[in-house]
Amino acid sequence: MGFILFLLTVFFVVLGLSQFLEILSLWVQQPKRMPPCALVIPAKGEIENIEQVLGFCKAKAWETKGCRHVIVVDKGLSKNSQHICQILCESHPCFIVARAEELPQLLDELAEK
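If you're wondering where the values come from, they're calculated on a predicted model, not measured in any experiment. Counting starts from 1 at the beginning of each chain's written sequence and moves along it residue by residue. Totals for whole chains, interfaces and linings use all residues, but because this is a predicted model, local features are given only for residues with pLDDT of at least 70 and pairs of side-chain atoms are given and counted only at 80 or more. Each side-chain value is worked out from all heavy atoms of the structure, with water and hydrogens disregarded.

Caption draft 1: Spatial organisation of the sheet that holds strand S2 (residues 67–77). Any two strands with at least two DSSP bridges between them are considered paired. The helix count covers DSSP runs of H or I at least four residues long, the strand count covers runs of E at least two residues long, and both are numbered beginning at the N terminus. Overall, parallel pairing links the 3 strands, which are arranged S1-S2-S3 in an open sheet. Each edge of the open sheet carries a strand with a single partner, namely strand S1 (37–45) and strand S3 (95–99). Ignoring which end each strand starts from, the neighbouring axes of this sheet average 30 degrees apart. Sheet analysis places S1 next to S2, joined by 8 bridges and oriented parallel. Looking across to S2, one finds that Cys37 is bridged to Cys67. The strands touched by helix H4 (residues 103–112) are S1, S2 and S3; relative to S2, the strand with the most contacts, the crossing angle is about 170 degrees. Axis lines are fitted through C-alpha atoms, for helices just across the contact stretch, and the angle between N-to-C directions can take any value from 0 to 180 degrees. We call two residues in contact whenever any of their non-hydrogen atoms come within 4.5 Å of each other.

Written as structure tokens, this is what we have:
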């Protein structure tokens, strides 16, 4: 019993140390000034769990320093998915829905901010 507890303790110490080193490595590598960035998602057809997908993408974008927008590129979304995206855009300013031809201009605008 004591040996199993010792192994578990060693395991969790090593796990904690590896997590600490990963965080330290990311902190050392981060630039002082990050250019603006956005997470771009090409979306097509009916996406059943689009709210969950966009919520997850928003969380991932906010983990990245300087990344504050989630751009959904409408490549032929269904009416239902378009409607859900529009509702999310109205309630969360970080979401942007754009057609593919609007993307270059949108990225230029975001780069100027």
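Resuming the write-up.
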